Amino acid sequence: MNLSVMWSAVPTLLAGVPVTLQLVALALLFGFVLASGVAWMRLSASRVLSAIAGAYVFVFRGTPLLVQIFLIYYGLGQFQAVRASIFWEILREPYWCGILALTLNTAAYTSEMIRGGIQSVPHGQIEAARACGFSRFLVFRRIVAPIAVRQALPAYGNEVILMVKASSLASTITLLEITGIARRIISQTFAVFEVFIVAGAIYLLINFAITRLIRYAEWRVTPHLRRPA
């Protein structure tokens, strides 16, 4: 164990934290918006919309994220129509290709969490709200959404943690986030064990902070389960 190499690698690896957080934050934001639409399609009475959403979820949950990243970054550029389109300015950049792959992947998982959360709402509570004269929007805002959030939040917290770890795969398309910088340091120092220990510790600290935030969010949305003072 070369402690001097580990200590000198800390500031260099910390420089990749903003890129990692950007990848995760943007992917989760775009993914949640997309997942909401996919969940609505899955719950739709239309068999066509439900089948399309189901196929999307099946494909992106059933294939490795690394394969998806490679197909988006290396595969789309093989088509002349893509290179000639207005989207090529974005798809040619590894940063946006990484975000796109992470977005599509997390949206498939998050849509199932949203769908499961909505379906877990007791039908009797919805009927009671309608009997009281609540509109559809009011039923969703005051009955369906709070209960669905409580049910889906623990699973979504796990998804956030998985996305932090999955962001390390972006290093395979030349992005210099934490893992990408670690690989560059290793190519210079050949200290594989020491550098990856430091990189793993940084990921661990990030996920520790996320678990604290998720736990606080769970505490906030379940006031009826809190212990009396």
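Residues numbered from 1 in each chain as written. Predicted model: local features only at pLDDT ≥ 70, side-chain atom pairs only at ≥ 80, totals over all residues. Heavy atoms only, no water.

Student: Can you explain the overall build of the protein chain? Please cite residues and give values.
Tutor: The number of helices and strands found in the protein chain is 11 helices and 0 strands. Shown N-terminal to C-terminal, the secondary structure of the protein chain runs as helices and strands in the order α-α-α-α-α-α-α-α-α-α-α. Scored against the burial criterion, the 229 residues of the protein chain give a buried share of 41%. For the protein chain, contacts bridging at least 24 residues in sequence account for 74% of all contacts bridging at least 6. Split by element, the accessible area of the protein chain, about 13,500 Å² in all, is 69% carbon and sulfur. Treating the 19 positive side-chain charges of the protein chain as one cloud and the 8 negative ones as another, the clouds have centres 10 Å apart. (Helix = DSSP H or I, 4+ residues; strand = E, 2+ residues; numbered from the N terminus. Buried < 20%, exposed > 50% of the residue type's maximum accessible area, 1.4 Å probe, protein only. Contact = heavy atoms within 4.5 Å. Areas by Shrake-Rupley, 256 points an atom, 1.4 Å probe, with all protein chains shown as cover. Lys, Arg positive; Asp, Glu negative; His and termini not counted. Charge placed at Lys NZ, Arg CZ, Asp CG, Glu CD.)

Student: Tell me about the UniProt feature "domain: ABC transmembrane type-1" (unreviewed entry) in the protein chain, residues and numbers included.
Tutor: UniProt marks residues 17–214 with the feature "domain: ABC transmembrane type-1" (unreviewed entry), using the numbering shown here. The span residues 17–214 is 82% helix and 0% strand, and its two end C-alpha atoms sit 20 Å from each other. (UniProt positions renumbered as here; feature names shortened; annotations may be inferred.)

Student: Provide a residue-level description of unusual backbone geometry, including the pertinent values.
Tutor: Located in the positive-phi region is Thr 174, a residue other than glycine, with phi close to 75°. Position of Thr 174 among the secondary structure elements: in the loop between helix H9 (136–166) and helix H10 (178–189). The phi angle at Phe 190 is positive, at roughly 60°, despite the residue not being glycine. Along the chain, Phe 190 turns up in the loop between H10 and helix H11 (192–221).

Student: Quick one: what's the story with the nonpolar core, residue by residue and with numbers?
Tutor: Core analysis: the largest hydrophobic core is formed by 54 residues, its most contacted members being Leu 13, Tyr 56 and Val 195. Of all the secondary structure elements, the ones that give two or more residues to this core are helix H1 (3–14), helix H2 (17–43), helix H3 (47–62), helix H4 (65–75), helix H7 (94–119), H9, H10 and H11. Of all the elements, H7 adds the most residues to this core, at 10 residues. Setting aside its immediate chain neighbours within four residues, Val 195 contacts Val 5, Leu 13, Ala 182, Ile 185, Ile 186 and Thr 189. Formed by 7 residues, the second largest nonpolar core is a distinct cluster that contains Ala 129, Ile 143, Val 144 and Ile 147. (Core = buried A, V, L, I, M, F, W, Y, C linked by side-chain atoms within 4.5 Å.)

Student: Any chance you could break down the packing of aromatic side chains for me, citing the residues and the numbers?
Tutor: Taken as a whole and judged by the stated rule, the model has 6 aromatic pairs. Consider the rings of Tyr 73 and Tyr 74, whose centres lie 4.8 Å apart with planes at 75°: the pair is edge-to-face. On the basis of relative accessible area, Tyr 74 is assigned to the partly exposed category, the value being 42%. Between the aromatic rings of Tyr 95 and Trp 96, the centroid separation amounts to 5.2 Å while the plane-to-plane angle is 85°, which identifies the pairing as edge-to-face. The rings of Phe 70, Tyr 73 and Tyr 74 are connected pair by pair, giving a single aromatic cluster. (Phe/Tyr/Trp six-rings, centres within 6.5 Å; stacked < 30°, edge-to-face > 60°.)

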